[in-house]
Structure formats: C-alpha cells, structure tokens
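Secondary and tertiary structure notes
Listed below are the residues making up each chain.
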Amino acid sequence: RTARRTARQPRASRTMPAGPFASSVGVGRAEPEWAALNKVTGVCGVDATHARGETSEAPLPLSREILSGDLSTCPPSVDLLIVGAGLSGAVLAERCSAELGMTSVIIDKRDHIGGNCYDYVTEDGIRASKYGAHLFHTQHARVWEYVQRFSEWIPFDHRVKGRVPVPGAGPAGDKKLVPIPPTQETVNALFDAGVRDEDAMARWYESERVAPAHGGDPANGEEAALSRVGPRLYEAIFKHYTKKQWDKYPEELDASVLMRLPCRTSTDDRYFGDAWQALPARGYTRLFENMLLDDPNVTIRLDCDFFAHREKGTLPKHKLLVYTGQIDSYYAALGMPKLEYRSLRFEEEFVDAPDGGFFQEAMVVNYPSADVPFTRVVEYKHTPNQPNKIKKGAVIGSLIAREYSCADGEPYYPVPNPENRALYEKYAALAAKEPGVAFVGRLASYKYFNMDQAFLNALEMFDNLKETGTLAPKRRPEDFGPGDGPK
C-alpha cells in the first residue's frame, strides 16, 4: 500500500517523549516490576536464514514459480493440498514434512506467504504489517518452544494507551492519555479516584458496578459491562469503542463479548498477562520463510485461486485437502446465508517530520470516543524489532495506520451473536461429513484464534494425524477460550 505523506507541524498541546515507548528495562518493555513477569528475557530462538549469512531485514524475494500461480509446474500428486499460506497451513505443511515425510502443495490467492501475519519493510525502511499489528503472546510452553525453531525473538511487553475524553468535557472536549485496559492510573486520571493500592482499586470497582435489574446473569453486552466496570468506565472507554468496532452497541451483542473486560486492580499496564511475550527479531514473514521455503517436500503457489482451479479441474491430485479459508465460502454453491464478519480498513500516512521523530506516545493509541471515526492509531516505529536503520535514528519520519472497522473487506472478526453461532453449526455439520477434507483455522472454524491458539490447534491436529491417521482437532474451537479479538 502507498501511504499518504504529510509534514507534521510541532504541537504545543503536548510534549512528545524522546524516542520510542520504553521503560528503564528497554524499548517496548513494561516497568521493571511487570517486565520481570515476562519469561522472554533476551534474544532467543534460531533464524536459519540469518545464520546462513542473509543480511536482509525485509522479506526475501520469492521465485517466479512461486509467484506465478501456475499449478501445471507443481508435482502432479501430493499427500496434502493446503489452501492458505497462513499459520495453520504452514504448521501442518512443516510438521507433516519434518516428521512424516509428507509432501504438500500450498496455494494462496494473495501474493505473499504468512497470511494476516505478513509484514514487510517500506521504502522508508520501516517494518510494517499489512493487516494490522500482530503481538505474539502465549501461556503454552509447547507453542513457545515450536516458534523458536524458526525465528529469533526479542522480549516485548505490549502496552496500549487510550485518548479518552475527560468526563463532563463532552465527546469532543479535552482528552487524557491513559492505560487501557484500565488501571489505577486510568481511574485516577479520569475520575480523580484517589486510588493508591490494589485494595482501594477493588473497592472502587465494587462501588461502581451495577448488577442487571432483572436479578439474573447479564443478558447482553451492556449488562455485562456495567456489572464488570460500572457506568463511568463503560461510557468513557467501552460503549462507543464497541459501536465503532462491531457497528452494534453493547446491548446488541452477546454478554460474553464484554464479560471479558479486564478489571485490573494493580498498576500493571501490560495488555497481556501471558508468560511468554515477544516479537520476531526480523519480522513475522521471516518465521514463515524459515518454515517453508527450503523444504523440498513443500511447493508453494501464490496468486492462485482454489475455487477457480477446482471449477476447472486443474488442482493437483491429493490424498487430503486442508482448507483454511472461510467455511461459508467453501459451501457457497449451496446458497446458504453468509456468516457475518467485521473487517478493518487501514488509512496509512507517512509523517515526514513528527515531533521528536514520533507521531504519538506509544505503538498503539486507542480512540474510544464517538467523535473520532477510527478505533486506533498504530505507529510501527515504536517496536523493538525495527530494522537497524530505524534503531540508529536514520529515519526521521514515521508511518502511522489509522484503523477503521467496516463490514466489507478481508474477514477478521466473527460477529458473536446467536444467529451467527446457529448458522456456523449448520456449516460445521456439513464439514464433519465432507470426505477427504480437514477444515482448519479461524476462518474455517468461525472463531477468532490468537496466533498462539492457531499454532496450538494446528500442532494438536498433527498429533491426531500421527496417533489416529485422521487430521482432526483435539478440542472444539470454543475450548481454546476467547481470542483477543478487536483491540
């Protein structure tokens, strides 16, 4: 994508910090007390491509064959035909090759590998993500061990700020920059709560919460939010952000969506609490390159549409089809209703001369108020896995991406309501009877998987293949727990 370029004028309203979002621990790290909880303490993992002497920090050039979309040059018969070069497809191709010697052809309609994790280096030397910021975090030791085989990793404690209207100032009035999810600092800044310790914060929540008037469990998202954080935080941070993200107010969504609202009592401003939190040192695309590109059992064709080739009868012969796309698209010929998704639109802007080299105070700043049409602004320069040119301060400008939630475009987030759940169950029943096809991943499961959940799901499906000869999940999608979803 081409970013709009603008010159940034100095702002008298606030002073920008020098350098990227950091603490005394380092760039991208939380304050010492909370950074110490991250088990990733330094550079770890193996980047085989870098170890061989490759010095490029950008995605590697792909061969003309890979980019051609031409299936006639593929092996005529393989064990696996994998639709989608994202996390799920890559894990299954890599594991089936490494442990079982199985061959696969991976096809993808896009012109790159990596799925939504794909990142790249812009002409200005900034590492950016094509489909929005991706933050790796996991509690699963198995996943952490696995991903270290294909990349070097560096510790990163994701912290989000929100520019939130001061209560009483009106939606377009003064705004304060506060931690999200809310912490002691958040409620003190917005409501002058005077909270100084965890007990006081717990008491503040209790004094704010409003139980459903009907006396039962929350019946919708609004009742859930009010029972979790009370009306003031709900109005300031969650109500309008939810409307922008889902195009539905909380009362129109399942209670489960907002029952997950974190109620922090501490000063921990990390977005995630997982044991391992890190970024790949040379980007997520390098992870996929090391997983797939040098494996003689794996053939990749990009710019290759599965449905077009299926219709023409030009797919290679295969023992098993691994389908990672939208489950409703697979059955489109049946004329059933489509599942509902929310998508994202990114408005990129290259700011030539921001104050101090940075546009905003943190990598991610959320805008939860109704007067701002976008949900958040991401500034990639803040991440510690930027190319050396950025780390040395050689790039004065900065790339930002304003995110808008929308109904059309790439499917990102399943819309959680009873109607969609019931429709998905109909599709899942069809999939269960489909011979020779394994439906894998978030789109095929109509479930938002975090990256580590997608890794674990694919690894467990491979376990099943080894143990039973069937490529099938070991648990239901909902058993992985909620993904991060929109953030």
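Notes on the structure in this doc start here. (Residues numbered from 1 in each chain as written. Predicted model: local features only at pLDDT ≥ 70, side-chain atom pairs only at ≥ 80, totals over all residues. Heavy atoms only, no water.)

Things to note about a negative patch on the surface
Where like charges cluster on the molecular surface, the negative patch consists of Glu33, Asp197, Glu198 and Asp199. For Glu198, the location among the structural elements is in helix H7 (residues 198-208). On the basis of relative accessibility, which here comes to 41%, the residue Glu198 falls in the partly exposed class. (Patch = residues over 30% accessible without salt bridge, like charges linked within 9 Å, V, L, I, M, F, W, Y side chains within 5 Å. Areas by Shrake-Rupley, 256 points an atom, 1.4 Å probe, with all protein chains shown as cover. Salt bridge = Lys/Arg side-chain N within 4 Å of Asp/Glu carboxyl O. Lys, Arg positive; Asp, Glu negative; His and termini not counted. Charge placed at Lys NZ, Arg CZ, Asp CG, Glu CD. Helix = DSSP H or I, 4+ residues; strand = E, 2+ residues; numbered from the N terminus. Buried < 20%, exposed > 50% of the residue type's maximum accessible area, 1.4 Å probe, protein only.)

Examining the side chain of Ser23
Tracing the sequence through the fold places Ser23 in strand S2 (residues 22-23). Polar contacts involving the side chain of Ser23 include one to the main-chain carbonyl oxygen of Arg29, which spans 3.2 Å. Ignoring anything within four residues of it in the chain, the contact list for Ser23 reads Arg29, Ala30, Glu31 and Arg159. (Polar contact = N/O pair within 3.5 Å; in protein donor to acceptor, adjacent residues only side chain to side chain. Contact = heavy atoms within 4.5 Å.)

What about the packing of helix H4 (residues 87-100) against helix H10 (residues 284-292)?
It is at 9 Å that the axes of H4 and H10 come closest, and there the two elements cross at 30°. On the basis of their axis angle, the class for H4 and H10 is roughly parallel. Relative to H10, H4 is oriented so that their crossing is left-handed. Facing H4, whose interface residues are Leu87, Ala90, Val91, Ala93 and Glu94, H10 presents Phe288, Met291 and Leu292. Partitioned by chemical class, the residues of the contact of H4 with H10 number 7 nonpolar, no polar and 1 charged. (Axes fitted to C-alpha atoms, helices over the stretch in contact; angles between N-to-C directions. Parallel < 35°, antiparallel > 145°, perpendicular 65-115°, else oblique. Left-handed = near helix turned anticlockwise from the far one by under 90°. Nonpolar A, V, L, I, M, F, W, Y, C, P; charged D, E, K, R; others polar.)

Digging into the pairing of strand S14 (residues 298-302)
Burial of S14 is extensive: 5 of the 5 residues sit out of reach of the surface. Side chains of S14 alternate between two faces, with Val298, Ile300 and Leu302 and Thr299 and Arg301 buried alike. Examined bridge by bridge, strand S6 (residues 104-108) and S14 share 5 bridges and lie parallel to one another. Pairing of Ile106 across the sheet is with Ile300, part of S14. (Pairing = 2+ DSSP bridges.)

Topic: the sheet that holds strand S13 (residues 276-280)
Pairing between the strands of a sheet is mediated by backbone hydrogen bonds and can be parallel or antiparallel. Read across the open sheet, the 4 strands follow the order S4-S10-S13-S9; overall the sheet is antiparallel. Only two strands of the sheet have a single neighbouring strand rather than two, namely strand S4 (44-45) and strand S9 (136-138). Alignment of strand S10 (residues 152-155) against S13, held across 3 bridges, turns out to be antiparallel. Following the sheet pairing, Trp153 is matched in S13 by Pro280. Across the face of the sheet, H10 comes into contact with S9, S10 and S13 while running at roughly 85° to S13.

As for the environment of Thr186
Note on placement: Thr186 falls in helix H6 (residues 184-191). With 47 residues separating them in the primary sequence, Thr186 and Leu233 have C-alpha atoms 9.4 Å apart. Setting aside chain neighbours within four positions, we find Thr186 in contact with Val178, Pro179, Pro181 and Ile237.

What to know about the packing of aromatic side chains
Any two aromatic rings considered together are summarised by their centre-to-centre distance and by the angle between their planes. This structure, assessed with the given rule, holds 29 aromatic pairs. Ring geometry for Phe191 and Trp204: centres 5.9 Å apart, planes at 20°, overall stacked. Placement of Phe191 in helix H6 and of Trp204 in helix H7 is noted, with a sequence separation of 13 residues between them. The pair formed by Phe191 and Trp204 is uniform in burial state, with each residue classed as buried. Through successive ring pairs, a cluster of aromatic residues spans Phe136, Trp144, Tyr146, Phe150, Trp153, Tyr284 and Phe455. Here the basic side chain of Arg110 rests over the ring of Tyr131, its NZ or CZ set 4.1 Å away from the ring centre. Looking at Arg232, its charged tip hangs above the ring of Phe191, at a distance of 4.6 Å from the centre. (Phe/Tyr/Trp six-rings, centres within 6.5 Å; stacked < 30°, edge-to-face > 60°. Lys NZ or Arg CZ within 6 Å of the ring centre and 35° of its normal.)

Describing the pattern of salt bridges
Under the criterion given, the structure shown has 30 salt bridges. Note that Asp157 is salt-bridged to Arg29, the shortest N-O span being 2.7 Å. With Asp157 in the loop between S10 and strand S11 (160-165) and Arg29 in the loop between strand S3 (26-27) and helix H1 (32-35), this pair connects stretches of sequence that are 128 residues apart. Each member of the pair, Asp157 as well as Arg29, is classed as buried. For Glu460, the salt bridge goes to Arg475, with nearest N and O atoms at 2.5 Å.

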